[in-house]
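Residues per chain, in single letters:
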Amino acid sequence: MLVHAANDLAFGEAIANRLAELAALSDEPGRLTRLYLGPAHRRATDLVAYWMRDAGMSVRIDPLASVVGRYQARDGGTQTLMLGSHIDSVRNAGRFDGPLGVVTAIEVVKAAFKSGTRFPFAIEVIAFGDEEGVRFASTLGGSRALAGTFDEKALDELDENAISRREALADFGCDPSRLAAEKRWPDRSVGYVEVHIEQGPVLEKESLPLGVVTAIDGVTRGTVEVEGVAGHAGTVPMSMRKDTLTAAAEMVLAVEDRARTQPNLVATVGRLEVPRSAANTIPGLVRFTLDIRSPSDAERTKAVDDIKAAIAAIAARRGVRQRFTLGHHASAAHCDERLSDQLAAAAAACGITPKRMPSGAGHDAMAFDKIIPFAMLFVRCRAGVSHNPDEFAAPADIDIAARVLSAFLEGIGTP
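Quick look at the structure, then. (Residues numbered from 1 in each chain as written. Predicted model: local features only at pLDDT ≥ 70, side-chain atom pairs only at ≥ 80, totals over all residues. Heavy atoms only, no water.)

Thoughts on the pattern of salt bridges
The criterion, for reference: By definition, a salt bridge exists where a carboxyl oxygen of Asp or Glu is found within 4 Å of a side-chain nitrogen of Lys or Arg.
Within the structure shown, the criterion is met by 33 salt bridges. Shared partners join several salt bridges into a network, and the residues in it are R60, R70, E124, E182 and R184.

Overview of the packing of helix α1 (residues 10-23) against helix α2 (residues 39-54)
Relative placement of two packed helices is described by the angle separating their axes and the distance separating the axes. Counted only if it meets this: Helix axes use the C-alpha atoms of the stretch in contact, all axes being lines fitted to C-alpha atoms, and the angles between their N-to-C directions lie in the range 0 to 180 degrees. Helix numbers and strand numbers start at the N terminus; a helix is a DSSP run of H or I with at least 4 residues, a strand a run of E with at least 2. Note that the term roughly parallel is reserved for angles under 35 degrees, roughly antiparallel for angles over 145, roughly perpendicular for angles of 65 to 115, and oblique for everything else. In this scheme, a crossing is called left-handed if the near helix is turned counterclockwise away from the far one by less than a right angle; it is called right-handed if the turn is clockwise. Throughout, a contact is declared for two residues whenever any of their heavy atoms are within 4.5 Å. Under the scheme applied here, ten amino acids are nonpolar (Ala, Val, Leu, Ile, Met, Phe, Trp, Tyr, Cys and Pro), four are charged (Asp, Glu, Lys and Arg), and all others, including Gly, are polar.
It is at 10 Å that the axes of α1 and α2 come closest, and there the two elements cross at 155°. When the interaxial angle is binned, α1 and α2 end up roughly antiparallel. Note that α1 runs across α2; the crossing there is right-handed. Contact residues: α1 offers R18, E21 and L22, while α2 offers A44, L47, V48, W51 and D54. In the contact of α1 with α2, the residues fall into 5 nonpolar, no polar and 3 charged.

Section: the layout of surface pockets
This is how it is decided: The pocket and cavity definitions rest on a 1 Å grid over protein atoms only: a 1.4 Å probe that fits but cannot leave marks a cavity, an open set with protein on both sides within 12 Å along at least five of seven lines marks a pocket, and residues lining either have an atom within 4 Å of a point. Grid points are joined across faces, edges and corners, and a volume is the space filled by probe spheres set on the points.
A volume near 780 Å³ is recorded for the largest pocket. Lining the largest pocket are 33 residues, with T139, L140, R144, G362 and M366 positioned closest to its centre. For the lining of the largest pocket, the secondary-structure elements that each account for two or more residues are α4 (141-147), β7 (218-227) and β13 (321-330). Broken down by class, the residue content of the lining of the largest pocket amounts to 12 nonpolar, 11 polar and 10 charged. Estimated volume of the second largest pocket: approximately 440 Å³. The wall of the second largest pocket is formed by 20 residues, among which D217, V266, P358, S359 and G360 lie closest to the centre.

Concerning the environment of D46
Formally: Each residue gets one of three labels from its accessible area relative to the maximum for its type: buried under 20%, exposed over 50%, partly exposed in between, using a 1.4 Å probe on protein chains only.
Looking at where D46 falls in the secondary structure, it is placed in helix α2. Classification of D46 by relative accessible area gives partly exposed; the value is 44%. Remark: the alpha-carbon pair of D46 and A330, spanning 284 residues in sequence, is separated by 33 Å.

Quick look at the nonpolar core
Selection rule: Among buried residues, the Ala, Val, Leu, Ile, Met, Phe, Trp, Tyr and Cys ones that are joined through side-chain atoms within 4.5 Å form a nonpolar core.
If you look at the biggest cluster of nonpolar residues, it comprises 62 residues, and the most contacted ones within it are V48, L81, I106, I123 and F408. Here the element with the most residues in this core is helix α10 (residues 395-413); it accounts for 10 residues. Residue contacts for V48: discarding those within four places in its chain leaves L22, V67, I87, V102, I106 and A127. Counting residues in hydrophobic clusters, the runner-up holds 21 residues, among them A248, F288, A303 and A315.

Some details on unusual backbone geometry
If you check the backbone angles, A65 has positive phi at about 75° while not being a glycine. Its place among the elements puts A65 in the loop between β1 (58-61) and β2 (67-71).

Quick word on empty space enclosed by the protein
Scanning all chains against the criterion turns up 2 cavities of 30 Å³ or more. When its volume is computed, the largest cavity comes out at roughly 50 Å³. Lining the largest cavity are L32, R34, D88, S89, V90, A93, G94, R95, D97, P99, E132 and H387. Classifying every residue of the lining of the largest cavity gives 4 nonpolar, 3 polar and 5 charged. Counted as a void, the second largest cavity has a volume near 30 Å³. Lining the second largest cavity are R34, L35, Y36, D88, S89, G129, D130, E132, G133, V134 and R135. Split by residue class, the lining of the second largest cavity holds 3 nonpolar, 3 polar and 5 charged.

Digging into helix α8 (residues 297-318)
Filter applied, for reference: For a helix, the expected span equals 1.5 Å multiplied by the number of residues minus one. Summarising the geometry, the arc corresponds to the directions from the helix axis toward the C-beta atoms.
For α8, spanning 22 residues, the distance from its first C-alpha to its last is 32 Å, which sits close to the expected 32 Å at 1.5 Å a residue. Within α8, burial applies to R300, A303, V304, I307, I311, I314 and A315. Looking down the long axis of α8, one finds its buried residues gathered within 105° of arc, a one-sided arrangement. What points out from α8, more than 90 degrees from its buried face, is the exposed set A298, A316 and R317. Looking at the buried side of α8, the elements it contacts are β7, α7 (244-260), β12 (285-294) and β13. One or two residues past the end of α8 sits G319, with phi positive at roughly 70°.

What to know about the pairing of strand β16 (residues 374-379)
Note the cut-off: A pair of strands is considered paired only if DSSP assigns at least 2 bridges between the two.
Here β16 lies mainly inside the structure; 6 of its 6 residues are buried. Taken together, the 6 bridges between strand β5 (residues 189-197) and β16 define a ladder with parallel strand orientation. In the strand pairing of β16, I197 is matched with V379.

Here we look at the side chain of D364
To keep things clear, this is the line we draw: None of His or the chain ends enter the tally, which takes Lys and Arg as positive and Asp and Glu as negative. N or O atoms within 3.5 Å of each other form a polar contact, as long as, within protein, one can give a hydrogen and the other can take it, and as long as residues adjacent in sequence are counted only when both atoms are side-chain atoms.
Along the polypeptide, D364 turns up in the loop between β15 (355-359) and β16. Despite its burial, D364 pairs with no opposite charge; the closest candidate is R144, at 7.9 Å N-O. Here the side chain of D364 touches S143 through a polar contact of 2.8 Å, side chain to side chain. Those residues in contact with D364 that sit more than four places away from it in its chain are S85, H86, F128, E131, L140, S143, Y192 and E194.

Don't take any of this as a statement about function, it's just geometry.
What follows is the structure, given as structure tokens:
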């Protein structure tokens with residue numbers, strides 16, 4: 001039995017210590033910034049590879065610089081279960097987003113190795129390098145390569161220093177011409193499972209250490225431009241104004257109101273611009289962004305239509321013009337019910353009833369949607385803070401997650 005006793009924090013403390021060690025590897029002094037294919041990513045890759053070898057895995061770096069550790073199956077088993085997450089970060093990041101899933105998987109495999117336990121399937125622990133999309137425009141390249149959906153045009157994307165992804169990979173020692181061989185085939189895959197901090201406040205509010213993810217939200221992004229008539233703040237009567245900022249303010253509140261009517265729907269205006277603005281000028285032009293997310297594509301599409309209609313009605317009533325432009329779109333990715341139920345059963349075996357919940361943030365797991373079954377286990381994080389140095393998950397909660405992952409492996413590995 002690999003699962004530690006409930007009062008033994010060996011997993012949690014070991015994982016927390018390794019996360020601290022990994023957090024010291026940064027491209028910027030005094031804060032954690034680890035960009036894809038940069039110097040800190042190189043050092044992190046080497047450190048993670050060392051940990052994987054110590055856990056009884058063979059290790060290689062794949063053509064997109066993902067670290068792949070393989071723990072062989074017993075009795076010549078040919079199927080593979082993938083575990084992992086990412087080791088790149090945003091700028092001025094926290095230490096848990098991504099690395100938690102990688103280090104937890106390594107520690108659980110290490111416990112199996114130390115106890116002489118093998119499974120009827122091989123385990124690959126994968127540390128992806130480009131989930132955050134900070135250095136290059138596109139994201140999830142490493143996981144998309146394994147899913148067989150990587151767009152090779154992304155190799156020619158340039159970073160802010162005009163270095164292409166292709167050049168950066170070559171400098172890292174990778175050969176992207178070998179990408180096709182990385183595709184994982186569904187008939188040889190048990191699935192992909194990712195442990196990750198929640199990045200939100202729900203688990204903490206409900207006093208729960210873990211959540212089992214039901215789906216990764218689909219996303220629609222767009223922009224709204226509102227055009228009226230700029231004028232002098234002192235000379236145009238209130239009843240005669242075509243003020244785009246007050247119109248936009250009402251539109252933003254309409255976006256919020258629509259999202260509040262639907263469980264698991266979220267809508268955000270993250271940026272608002274008032275070009276050529278001045279303290280004594282009635283705004284004549286405003287632009288703002290929209291980000292609308294839901295685990296249900298149908299509900300998200302209906303919300304987009306309702307918001308579009310509300311914005312048009314507000315513009316007509318206020319005598320301003322509006323232009324609603326849709327941009328990025330991604331469908332919801334639904335977790336595999338069987339794997340998710342097995343995670344929940346493993347949690348129950350550890351005395352935990354996890355919350356079933358959607359993920360509003362994107363993850364490497366979504367790259368496998370409709371190709372390879374995937375599941376995710378969320379870990380409570382303090383105040384829901386993420387992408388921030390204050391990001392924190394308690395060792396006790398991390399320990400529970402590791403024990404659940406260990407029980408999950410034993411559960412699916414038992415005939």
